Amino acid sequence: ITEGLSAGTEIGRLSATGNSSGPYVFTLVQGTGDSGNSAFTISDNQLKSASVFDSRLKADYSVRIRVTDQQGQGIEKSFNIQVFPKVPFITVWKTDLPGLSPANQLLFPGTGNNYLIEWENISVPNQKGSLTGNGYTQITFPETGTYRLKVSGNFSRMEYYNCFSPNDAKKLIRVEQWGTTQWISFENMFCGANNNQVTAKDIPDLRLVTSTAQMF
């Protein structure tokens, strides 16, 4: 699993096969391999997080789960769960392209609170910085240029909610990496971003996405 997911996030779904056709009941139980039980909960057949994971503090968990059939017969098994560092969402923006913001600025259309934005000038490698994002976030760069943004943390969506209102969508020129962001929607994500190219080789996490309306 990826670090930083909110408590209550579905980690995986449990299933069982046997002589009984079910229904099966899954529970966290005490025994060998139960050291990480308190960090998780089970709802029906869904294993969920009970806290926010940080791979720097703890990267490996072990849970012990019992499955019981309708006759009351069951077995127990331990599972190991590994927490991986969050991989950022990476985009490239050319600030002097037409947009709402001045030529050295960018209004990043993020959804989330206290997420991390790291930026670097592609033409001037030692020109870099970072700031905290909260929803739509205005970024002021030292000069006009082409900048790479790395976004991570409590961030779940990028959206131009009104394609016809003034915005900075045309300043986006490339999506280089989807990262491990757990997206909640792709609706209006690239609406008006006519200069954008997606060169990312990885696959976005779409488990929570229910709409791609007006994505482009």
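Residues numbered from 1 in each chain as written. Predicted model: local features only at pLDDT ≥ 70, side-chain atom pairs only at ≥ 80, totals over all residues. Heavy atoms only, no water.

K.L.:
How should the overall build of the protein chain be read in this particular structure?
P.N.:
On a plain count of helices and strands, the protein chain comes out with zero helices and 15 strands. By principal-axis analysis of the C-alpha atoms, the protein chain measures approximately 70 × 35 × 25 Å. The proportion of buried residues among the 216 residues of the protein chain is 44%. A separation of at least 24 residues holds for 68% of the contacts in the protein chain among residues at least 6 apart in sequence. Entry remark: accessible area of the protein chain is about 11500 Å², with carbon and sulfur atoms responsible for 49%. Taken as two groups, the 18 positive and 18 negative side-chain charges of the protein chain have centres that lie 3 Å from each other. (Helix = DSSP H or I, 4+ residues; strand = E, 2+ residues; numbered from the N terminus. Buried < 20%, exposed > 50% of the residue type's maximum accessible area, 1.4 Å probe, protein only. Contact = heavy atoms within 4.5 Å. Areas by Shrake-Rupley, 256 points an atom, 1.4 Å probe, with all protein chains shown as cover. Lys, Arg positive; Asp, Glu negative; His and termini not counted. Charge placed at Lys NZ, Arg CZ, Asp CG, Glu CD.)

K.L.:
What exactly am I supposed to notice about the nonpolar core here?
P.N.:
One recurring pattern in soluble globular proteins: nonpolar side chains tend to sit buried together. By size, the foremost hydrophobic cluster in this structure holds 28 residues, and its most contacted members are Phe108, Leu149, Met158, Trp178, Met189 and Phe190. At the level of secondary structure, the elements contributing two or more residues to this core comprise β7 (89-94), β8 (105-112), β9 (115-121), β12 (146-152), β13 (155-158) and β14 (172-177). What phenylalanine 190 contacts, discounting residues up to four positions off in sequence, is Met158, Leu172, Val175, Trp178, Asn196, Met215 and Phe216. The next biggest cluster of nonpolar side chains, apart from the first, holds 13 residues, and it includes Ile11, Phe26, Tyr61 and Ile65. (Core = buried A, V, L, I, M, F, W, Y, C linked by side-chain atoms within 4.5 Å.)

K.L.:
Quick question: what am I supposed to make of the pattern of salt bridges here?
P.N.:
According to the stated counting rule, one finds ten salt bridges in the structure shown. In this structure, glutamate 76 and arginine 64 form a salt bridge, with 2.9 Å as the shortest nitrogen-oxygen distance. Note that glutamate 76 is positioned in strand β6 (residues 74-82) and arginine 64 in strand β5 (residues 60-68), a separation of twelve residues in sequence. We classify arginine 64 as buried; its relative accessible area is 17%. (Salt bridge = Lys/Arg side-chain N within 4 Å of Asp/Glu carboxyl O.)

K.L.:
How should the sheet that holds β14 be read in this particular structure?
P.N.:
Where strands meet in a sheet, backbone hydrogen bonds hold them as pairs that are either parallel or antiparallel. Sheet architecture is open: six strands sit in the order β10-β9-β12-β7-β14-β15, paired in mixed fashion. Edge positions in the sheet fall to β10 (128-133) and β15 (197-198), since each has one partner strand and no second. Looking at chain direction, β14 and β15 are connected through two bridges and run parallel. Bridging from a neighbouring strand, valine 175 pairs with valine 198 of β15. (Pairing = 2+ DSSP bridges.)

K.L.:
So what exactly am I meant to see when it comes to the sheet that holds β8 here?
P.N.:
The three strands lie next to each other as β11-β8-β13, forming an open sheet whose pairing is antiparallel. Each having just a single partner strand, β11 (136-140) and β13 make up the two edges of the open sheet. Strand-to-strand twist of the sheet, defined as the mean angle between neighbouring strand axes without regard to direction, takes the value 45°. Pairing analysis gives three bridges linking β8 to β13, with the strands arranged antiparallel. Directly across from glycine 112, in β13, lies its bridge partner phenylalanine 155. (Axes fitted to C-alpha atoms, helices over the stretch in contact; angles between N-to-C directions.)

K.L.:
Please clarify how the side chain of serine 211 should be interpreted in this entry.
P.N.:
Relative to the assigned elements, serine 211 resides in the segment after β15. Using a relative accessible area of 19% as the deciding quantity, one classes serine 211 as buried. Polar contacts involving the side chain of serine 211 include one to the main-chain amide nitrogen of alanine 213, which spans 3.3 Å. Non-local contacts of serine 211, meaning those with residues more than four positions away in its chain, are made with Ser185, Phe186 and Glu187. (Polar contact = N/O pair within 3.5 Å; in protein donor to acceptor, adjacent residues only side chain to side chain.)

K.L.:
Can you help me understand the environment of glutamate 176 in this one?
P.N.:
Note that glutamate 176 resides in strand β14. The exposure class of glutamate 176 is partly exposed, given its relative accessible area of 23%. Dropping the residues within four chain positions of it, glutamate 176 is found in contact with Ile90, Val92, Arg148, Thr199, Ala200 and Lys201. Of the polar contacts made by the side chain of glutamate 176, one reaches the side chain of arginine 148; its length is 2.7 Å.

K.L.:
Hey, could you run me through the confidence of the model for the protein chain in this one?
P.N.:
As a note on interpretation, predicted positions should not be read in detail where pLDDT is low. Of the residues in the protein chain, 100% have a pLDDT of 70 or more, and the chain-wide mean is 92. Confidence, read as mean pLDDT per element, is least for strand β1 (residues 10-13) in the protein chain (88) and greatest for β7 (98). (pLDDT = per-residue confidence, 0-100.)

K.L.:
Hey, could you run me through the side chain of asparagine 37 in this one?
P.N.:
One can find asparagine 37 in the loop between β2 (25-28) and β3 (40-43). Among the residues examined, asparagine 37 registers a relative accessible area of 13% and is labelled buried. When residues no more than four places from it in sequence are discounted, the contact partners of asparagine 37 are Leu28, Val29, Ser62, Val63 and Arg64.

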